[in-house]
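This is what each chain is made of:
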Amino acid sequence: MDILLVIDHPRPASLTHGVAEAFRTGLAQAGHQVAVLDLYAEGFDPRMTPADEPDWDDMTKRYSDEVEAHMQRIRAADAMAFVFPVWWWGLPAMTKGYIDRVFNQGFAYGGETTVPLKRIDWLGLAANDEASYLKRGYLEALKTQALVGIANYCGVEDTRLELFYESLAGGDTATRFLRRAEALGRAW
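Residues numbered from 1 in each chain as written. Predicted model: local features only at pLDDT ≥ 70, side-chain atom pairs only at ≥ 80, totals over all residues. Heavy atoms only, no water.

Chemist: Got a minute to help me understand helix H6 (residues 173–186) in this structure?
Modeler: Turn by turn, an α-helix covers 3.6 residues, leaving residues three or four places apart pointing in a common direction. Over its 14 residues, H6 runs 20 Å from end to end, which matches the ideal 20 Å to within 8%, given 1.5 Å per residue. Buried residues along H6 sit in contact with helix H1 (15–29), strand S4 (119–125) and strand S5 (158–164). (Helix = DSSP H or I, 4+ residues; strand = E, 2+ residues; numbered from the N terminus. Expected span 1.5 Å × (residues − 1). Contact = heavy atoms within 4.5 Å.)

This is how it looks when you write it as structure tokens:
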């Protein structure tokens, strides 16, 4: 399977990047082809512009060259995975801006159109513990946003969210996360 792996973190030496690399390694071990999209390294601009704003009266609108190129990368993939830090209990601005601009009308949704993917996985690094997410409903909110509001809305039923809790805990946390991410990749 061809997988587009989208990474969102401003520091290349971050645990988020480490988890993404471990996940990529596991995917490769399972025989998948992985293309990496590092949003910061590639200078992706998450801001919506008029060129990329949906035209509700024109399902065939041509978007900016940047967005059209990103759409082509998705067309070349069978599946996607997003690896990101959970900031303010949700997707960070760079990931959200990528979705806003690239998963656009006429490409990912609208009429009979759905994003041409079989699966989308979401791997989030969360600073808080699982109990906090459950107590306050943050886990369900994130699932609703990513799995239902984005993936399902765009026609992708096979979608999963994996949270790596207590990402700032130190100790052997990083080692555990890297092993888990690699195992998740191998299990695809």
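Chemist: So what exactly am I meant to see when it comes to unusual backbone geometry here?
Modeler: Most peptide bonds take the trans configuration, and most residues that are not glycine carry a negative phi. A positive phi is found at Trp88, a non-glycine position, where the angle reads about 55°. Checked against the element boundaries, Trp88 lands in the loop between strand S3 (79–85) and helix H3 (93–102). On the basis of relative accessibility, which here comes to 81%, the residue Trp88 falls in the exposed class. Unlike most non-glycine residues, Trp89 shows phi in positive territory, near 65°. In this fold, Trp89 is placed in the loop between S3 and H3. (Buried < 20%, exposed > 50% of the residue type's maximum accessible area, 1.4 Å probe, protein only.)

Chemist: What is the right way to read the environment of Val34 from this model?
Modeler: By the element assignment, Val34 lies in strand S2 (residues 33–38). Take Val34: its relative accessible area is 24%, and that puts it in the partly exposed class. Linking Val34 and Ala81, residues 47 residues apart in sequence, is a C-alpha distance of 10.0 Å. Those residues within four positions of Val34 in sequence are excluded, and the remaining contacts are Ile3, Leu5, Arg24 and Leu27.

Chemist: Is there a simple way to think about the pairing of strand S1 (residues 2–7) in this case?
Modeler: When a strand is regular, its side chains alternate between the sheet's two faces. Most of S1 sits out of view: five of its six residues are buried. In this sheet, S2 lies alongside S1 in parallel orientation, the contact comprising six bridges. Looking at the pairing, Asp2 lines up with Gln33 of S2. Between the parallel elements S1 and S2, the chain passes through H1 in a crossover that is right-handed. (Pairing = 2+ DSSP bridges. Right-handed = clockwise from strand over helix to strand, strands pointing away.)

Chemist: Please explain the pairing of S4 as it appears in this structure.
Modeler: By the criterion of burial, S4 is predominantly enclosed, with seven of the seven residues buried. Burial along S4 is two-sided: Arg119, Asp121, Leu123 and Leu125 and Ile120, Trp122 and Gly124, pointing in opposite directions, are all buried. Sheet topology note: the S3/S4 ladder contains seven bridges and is parallel. Paired with Phe82 across the bridge in S4 is Trp122. In this region the chain leaves S3, passes through H3 and returns to the parallel neighbour S4; the handedness of that crossover is right-handed. One ladder, built from seven bridges, connects S4 with S5; its direction is parallel. Bridge pairing in S5 links Trp122 to Leu161.

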